[in-house]
Amino acid sequence: MALQLLPRRSWFPLLVVILGVLAVGSASEDEHDKKTPMKIKQTIKLFNDDELDRLEFQEFCELGLLERQVGKALHDDVMVSECSVTAAGEFDIDIDGKMLFTLIAIITYGAIIRAVIQHFDLQVPYTVVLMLSGLVVGSFSKKYCPEMNEYTAIARVSASLILYTFLPLLIFESAFSIPVHTFQRSSIQIIIVAFPGMVLCTFITSFVCRHYFTTYKWDFMQANLFGSIISATDPVAVVAILRELGVSEVLSVMIEGESLLNDGVAILLYEIFEEILEEAALGKTPGTLPAVFGHSVLKFVQIAIGGPAFGWAMGKITIFFLSYVFNDAPVEISVTIVTAYITYWLSEDVLGVSGVMAVVLLGLTMRAERTVISPDSEEAVHHFWSIMGYLANTVLFMLVGIVIAETAVNDIDQNDFWNLILLYIAIHVSRFVMLLVFYPILAWIGYGMTWQNTIVMMWGGLRGAVGVCLALDVYRNEHFCENKLMGSKMLFQTAGIVFLTLVVNGTTTRPLLTALRLTEVSVGRKEDMNNAIKRIVKLKNQAIRMFQLSPNMFDADWTMVNGFCTVKNPYKATKEPTLTTEDLEGIAVKIHSPEPARENATVCGTCHTVVPNEPTSEEYYNLTEEARLKVIRAMKVSYTHRNGIGLTSDAALQILMGNAERKEDDVMQLVCCSDFDKYTKNRGGFYPWLNRQISKLEKNESSRPPKPTAKWRRPFWIIVCQDWFEQVFLACVFLNLIPVIWELVEAAASTDEACGEHHGIFVGLNIAFTALFTVEIIINILGRRLQDYFCDPWTYLDIIVLLLAYGDCIFNLVGECKIVKGGASEYLQIVKVLRLLRVSRGLRLLRPILPQFQTSVSRKINEQLFMGFDIARGFVHSSEEVLKFVSQMIENKRVCKEIRDHMERERAEGLKVMAVLQQKYPGIAIALKTRHACRAVINVMCDTLNDAKDEGLLDDTEIDVLTRIMELKIKRLWHSPASIETTASQVLLANLLWVEHNEELYDTILNAAELKSYGFGQHICHFGDPTSGIYVVVAGMIKVVYMPTPALIEARNQYGKIPNSELYMDLTFSQPETDYFSSGFVFGEYGVLRDDPWASDIIAETSLLVYHIPKEVIIQAIERYEDPYDSLEGQLWRSVGMRRATGLLEQLPRYQNNLDKIQIVLQRSTIPINDSHNVFEIPDYVSEVVVIEGYATNQDTNDTYIAPFIVPRSCTKLIQLDNPATVNRILIIADEDVDLSTTGNEDRISLGGKNVNW
């Protein structure tokens, strides 16, 4: 039966198992001459041609892929390996299946080990346990169970295959997850440690090996080769510990970044020294030392620079392709995998540059522009690469352990162990010396360097798989087989260092960090944890009280529930406040958790009074710094969230995030609006300058030259004024370019320097076209006045081209005569230059395409302005988001006030920038708002689709179809115009909530509205002035300043009378407030309804344009449109109520602080306004009831709810009593599932907006 061989890719693991370990020849020393070259004795039992392809097998043997063992030496530096082939039937072993089984077993074992370590909280690095396990498996299979060789064959693949398989994956995963900003700022430090630092460590290690490893007899190049192998770091375990303990991100980035780059440097140095040693083994003359050094340096520079450049280019290409993929995680993941491996392969095998550095730059480039990954796919992509990194490390460290046990411990003696101990000390000394040498520079640049970080970097320089693979490559290199003290010793020493650094350094890093006090929790983190525990305890107590009311759980053991759910503060020794037994007795008993003692307080020993202490200057500084960092991180979260829902573009997000990351590095600095002046203020630039230059060149097509008085010139004037005149001569220019280019090509290909084959024809055509262009200029001069003709900038180009054409014709004729007479080579050179200058005639073709080019430039300017507006809007909205929670994030009131004041000032500046941009470039603002509106609507549609999917209302097929439609619309939205023509200002009046869909009312308002303008600083309304009407901001920005008085506060607290201030940030109305509003803002509605004077000052913050609708007109319209089911008064109250309810609903967890969702909910709102609803029974289909003015009483509990207030859902009936200070108004919001058009007439109430039947 013919032998069936596997593909060549599977030869090595298959034949290694079949052939076994090669036996060392036992020939005696006297049978071989010392000077005889190394011979490999091969005893091969050949099969017939139909059983085995002998040539293929011979090629396999010549590739040096057979496993060999070191045995008795036939001579001092000569070894003989014997190969034998077993019977053909033995090739049927299912080695691939067993290797696959081994791979699955390793992954399974890794998962078990990881679970055990986490379950028992073992302080042992995961990778250390894996390598030790691999050592056990390898030793057992080698010494006690040879049958396991078939299963451990996966560990005997070539070193290059291991590198090609695992390096791209691990390097890309690490680079893709590293914080780019921290890496960029630390990049100089990392490069210093990874490049010159790596070279220094290599030569120090080489020096130690040459002078102290005397038994190995390594020369200079061999010692350098080993130094490059042993200096490559792989601190996977250390970085995992640093991240777990929350140690400084800067330190972990330094260690991980150095590892990424010095792996590439180590491989690069290894290849240089290996090439020199291989040439020496082949007997080639290495050349002089300067020549060798120069060649090595040139190769180093070529590979070290070429790799990063190629990786950056591949990253940009990948980003370009990913920009056309949206929410398709499988495609995006596949692109990243393919790119990582292709980049490594092209770099190493095709371009000859560093594949490691190429993949590092690939990962960093994609990380820097991570917004190219779709929002819905980003988590999946990062999660996938995290899993791939975990799996790769699991398999790799297990294989390293097996390789060390099976290969590295052959032919060793006691001296090798002493050398190993010396080498272990030497690599730490060399690394410490390197850090000490560069410490002054490292401490001065980047984030600086502390002595604690220096010690951790020295101790954290673990060795790993890269060094083992390089040593294994030396061990199996056929050129080094003669020297038994080279390959085997290097492999043993490398394996021993990997073992010691992982076991000793990896397990002692955690105690070292503790000893250096790098794991201490800062004051800010303690405060964060304390606030989180408080919040958890509060919600836990609320949940216990709520579930005690449930009929299904009322008789549970609530003492046990409370004890079981108690959460300890991991940063404190004390427990959280717990509920007492008395608190848990009965559902009517209210549970109050005691207020935990404040950290900055002292308890009096006599009276037990808690006396607060002010923090020291250092504590205050630390609190401020921690609070600053928390606010910036919250801003980053808000930026990312806005980008995820499509309200901030990817380009704007990168700028906002980059600024926030830079601010994190600047001590005591918060994000400022002025940081974005480069983008938000049009201070010129290349594109505006180019647009101005094009405008100067562009001809005014609408202007015609004046009609000449001389009759004989009028025919020429008529011709010049025709559109076809210019088009005809532009066509002639285009036709002229054909022979010009043809002649250039023919002259370049011809051996005759003077002319080509069709030289005469080209000369004739040149003269003809020159005459034609002369006629054009003559007609222009005759048809237009000279003064008018030379006003056009293009005229000068026409004249220059014509003069060049004249010179070309003259020199062509003169040069041809000279050539015929046999001289004048200088004329020939001039003719050649003039031939090239003929191409300049094509510049005239720029005239017709200039308007299109200017349109493109204008579009680019609009895109820049659009991005500036987008950045300002994103900054302002994120500031508003963070301001809502800043008091919860920062416990210290003084620090909180300072940060809040700063954020409010910068938010105001951002609003000013937006107002100025909108005033100067209204089309840009409209385009941005239009894009945001489209995306907001699509987001609502997507949420509705997801709800339908969760409720099972649609099948998966329909869900997929509709989802794809939504995604296509989002992709089209990316290419929406950056500028849209502005609409008439009257549209603002038509879109008023209480005017829309009522054309008669709109006509009334439009005729009565007066357009007013105000300058900067002018008052529109003063505090205490009577309300004169309703205002609508058309352009510009206003500032509203509210200063509460005791009377206003008392009226609100007792009667629920809301001050007429138009500000609803502080719903207690007891604190001064200042806010800013721009175009589209409406104010004065409440003042008209209640005839209340202004409780605030309203000032024009920029030049301002507003519509003013007089109060008398509004009152007349209210009297006219008084239908109780669709009254104007109800519409106005609904408009006021929606603004007041927005701030209240934002505080409810069920609305998740989602303003868009709240606005949609409020569209289902109504306000009863007639007297028949003094007692209101809340229907089941009402989701929320909000008291927006006055007060209301719960008939069941007699609790009074003073505006603004959200009525609890347990309330079923409200009583609206007489209010001496104001009227009582409640806002009622229908449930989402209610079809308001189908409810019965018996539930009809005055909605103040729409005639809706409830």
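This text follows the structure it describes.
Rules and cut-offs
Residues numbered from 1 in each chain as written. Predicted model: local features only at pLDDT ≥ 70, side-chain atom pairs only at ≥ 80, totals over all residues. Heavy atoms only, no water. Helix = DSSP H or I, 4+ residues; strand = E, 2+ residues; numbered from the N terminus. Buried < 20%, exposed > 50% of the residue type's maximum accessible area, 1.4 Å probe, protein only. Contact = heavy atoms within 4.5 Å. Areas by Shrake-Rupley, 256 points an atom, 1.4 Å probe, with all protein chains shown as cover. Patch = residues over 30% accessible without salt bridge, like charges linked within 9 Å, V, L, I, M, F, W, Y side chains within 5 Å. Salt bridge = Lys/Arg side-chain N within 4 Å of Asp/Glu carboxyl O. Lys, Arg positive; Asp, Glu negative; His and termini not counted. Charge placed at Lys NZ, Arg CZ, Asp CG, Glu CD. Pairing = 2+ DSSP bridges. Axes fitted to C-alpha atoms, helices over the stretch in contact; angles between N-to-C directions. Phe/Tyr/Trp six-rings, centres within 6.5 Å; stacked < 30°, edge-to-face > 60°. Parallel < 35°, antiparallel > 145°, perpendicular 65-115°, else oblique. Left-handed = near helix turned anticlockwise from the far one by under 90°. Nonpolar A, V, L, I, M, F, W, Y, C, P; charged D, E, K, R; others polar.

Student: Would you mind showing me how to read the overall build of the protein chain here?
Tutor: What the protein chain contains, in helices and strands, is 42 helices and 20 strands. Looking at the protein chain as a whole, 48% of its 1254 residues qualify as buried. A sequence separation of at least 24 residues applies to 79% of the contacts in the protein chain between residues at least 6 apart. Surface summary for the protein chain: the accessible area is close to 61,700 Å², and the carbon and sulfur share equals 60%.

Student: Sorry, what's going on with the side chain of T394 here?
Tutor: Tracing the chain through its elements places T394 in helix 15 (residues 375-408). Judged by relative accessible area, T394 falls into the buried class, the value being 0%. Ignoring any residue separated from it by four or fewer positions in sequence, one finds T394 in contact with I106, I107, G110, Y126 and L130.

Student: How do you make sense of unusual backbone geometry when you look at a structure like this?
Tutor: P1204 follows A1203 through a cis peptide bond whose omega is -10 degrees. Mapped onto the elements of the fold, P1204 is located in the loop between strand 17 (1200-1202) and strand 18 (1205-1206). We note that M668 has phi near 60 degrees; this positive angle belongs to a residue other than glycine. Structurally, M668 is set in the loop between helix 23 (650-665) and helix 24 (677-680).

Student: Whenever I open this one, a negative patch on the surface confuses me. Can you help?
Tutor: The grouping of D943, D947, D950, E951 and E1232 at the surface amounts to a negative patch. With respect to the helices, strands and loops of the structure, E1232 is situated in the segment after strand 20 (1225-1230). E1232 sits in the exposed class, given a relative accessible area of 55%.

Student: What exactly am I supposed to notice about the sheet that holds strand 8 (residues 1038-1042) here?
Tutor: Sheet architecture is open: 4 strands sit in the order 6-11-8-9, paired in antiparallel fashion. Strands at the two margins of the open sheet, each flanked by one partner only, are strand 6 (1019-1021) and strand 9 (1073-1077). The sheet shows a mean angle of 25 degrees between the axes of neighbouring strands, taken without regard to direction. As defined by bridge partners, strand 8 adjoins strand 9 across 5 bridges and the pair is classed as antiparallel. Of the residues in strand 9, the one forming a bridge with K1039 is Y1076.

Student: Is there a simple way to think about the pairing of strand 8 in this case?
Tutor: The side chains of a regular strand alternate between both faces of the sheet. The buried fraction of strand 8 amounts to 4 of the 5 residues, a majority that puts the element mostly inside the structure. Bridge count for strand 8 against strand 11 (residues 1096-1100) is 5 bridges, and the pairing is antiparallel. Bridge pairing in strand 11 places V1041 opposite D1097.

Student: What should I look at first to understand the packing of aromatic side chains in this one?
Tutor: How two aromatic rings sit relative to each other is given by the distance of their centres and the angle of their planes. Per the counting criterion, the structure on display carries 23 aromatic pairs. On the numbers, 5.2 Å between centres and 85 degrees between planes, the contact of Y164 with Y344 is edge-to-face. Placement of Y164 in helix 5 (residues 159-177) and of Y344 in helix 13 (residues 329-351) is noted, with a sequence separation of 180 residues between them. With a relative accessible area of 28%, Y164 lands in the partly exposed category. Exposure remark for Y344: the relative accessible area of 3% places this residue in the buried category. Ring centres of Y1201 and F1205 lie 5.0 Å apart, and the angle between their planes is 5 degrees; on these two criteria the pair is classed as stacked. Residue F1205 is classed as partly exposed on the basis of its relative accessible area of 34%. These aromatic residues form a ring-pair network of at least three members: Y1031, F1077, F1081, F1083 and W1094.

Student: Which parts of the structure should I look at to understand the pairing of strand 20?
Tutor: Burial runs high along strand 20: 6 of the 6 residues are buried. Neither face of strand 20 is left uncovered, since the one carrying R1225, L1227 and I1229 and the one carrying I1226, I1228 and A1230 both have all their residues buried. Pairing of strand 13 (residues 1165-1166) with strand 20 involves 2 bridges; the strand directions are antiparallel. From the neighbouring strand, S1165 faces strand 20, where its bridge partner is I1229. Of the pairings in the sheet, the one linking strand 15 (residues 1182-1189) to strand 20 comprises 6 bridges and is antiparallel in character. Across the sheet, residue V1186 finds its bridge partner in strand 20, namely L1227.

Student: Can you help me understand the packing of helix 8 (residues 196-212) against helix 11 (residues 249-281) in this one?
Tutor: Geometrically, a packed helix pair is captured by the angle between its two axes and the distance between the axes. Where helix 8 contacts helix 11, the two axes come as close as 10 Å, and the packing angle between them is 50 degrees. Here helix 8 is positioned oblique relative to helix 11, judged by the angle of their axes. Relative to helix 11, helix 8 is oriented so that their crossing is right-handed. On the side of helix 8, the interface is formed by M198, V199, T202 and F203, while helix 11 contributes N262, V265, A266, L269 and F273. Split by residue class, the contact of helix 8 with helix 11 holds 7 nonpolar, 2 polar and no charged.

Student: Even after reading the chapter, I still don't get the pattern of salt bridges, so can you show me in this structure?
Tutor: Pairs may arise between side chains of opposite charge once their charged atoms sit close together. According to the stated counting rule, one finds 30 salt bridges in the structure shown. Its salt-bridge partner being K663, residue D675 comes within 3.5 Å of it at the nearest N-O pair. Taken together, the residues span a long stretch of sequence, with D675 in the loop between helix 23 and helix 24 and K663 in helix 23 at a distance of 12 residues. Residue D675 is classed as partly exposed on the basis of its relative accessible area, which comes to 27%. Take K663: its relative accessible area is 10%, and that puts it in the buried class. As a salt-bridge pair, R900 and E904 come within 3.9 Å of each other at their nearest N and O atoms. One end of the pair, R900, and the other, E904, are both in helix 33 (residues 893-920), 4 residues apart, so they sit about a helical turn from each other. On the accessibility criterion, R900 (24% relative accessible area) is partly exposed. Note on E904: relative accessible area 29%, which makes it partly exposed. A single network of salt bridges, built from pairs that share partners, joins R633, K636 and E664.

Student: Looking at this model, I keep getting lost on helix 18 (residues 465-475). Mind explaining?
Tutor: An α-helical turn contains 3.6 residues, so a residue and the one three or four places further along point in the same direction. Of all 11 residues making up helix 18, 10 are buried, and the element is well covered by its neighbours. Looking only at helix 18, the buried set comprises A465, V466, G467, V468, C469, L470, A471, L472, V474 and Y475.

Student: I'm lost on the environment of R838 in this one. Help?
Tutor: Looking at the secondary structure, you find R838 in the loop between helix 31 (825-837) and helix 32 (846-889). In this structure, the C-alpha to C-alpha distance between R838 and D808, residues 30 residues apart in sequence, is 8.1 Å.

Student: What's the story with the sheet that holds strand 16 (residues 1191-1194) in this structure? I'm lost.
Tutor: In sheet architecture, strand pairing relies on hydrogen bonds along the backbone and comes in two forms, parallel and antiparallel. Pairing is antiparallel across the open sheet formed by 4 strands, whose spatial order is 14-19-16-17. Edge positions in the sheet fall to strand 14 (1175-1177) and strand 17, since each of these pairs with one other strand and no more. Taking each pair of neighbouring strands and ignoring which way they run, the sheet shows an average axis angle of 30 degrees. Relative to strand 19 (residues 1213-1215), strand 16 runs antiparallel, the two sharing 2 bridges. Residue pairing in the sheet places N1194 in a bridge with L1214 of strand 19. Packing against the sheet, helix 38 (residues 1046-1055) makes contact with strand 16 and strand 17, and its axis sits at approximately 150 degrees to strand 17.

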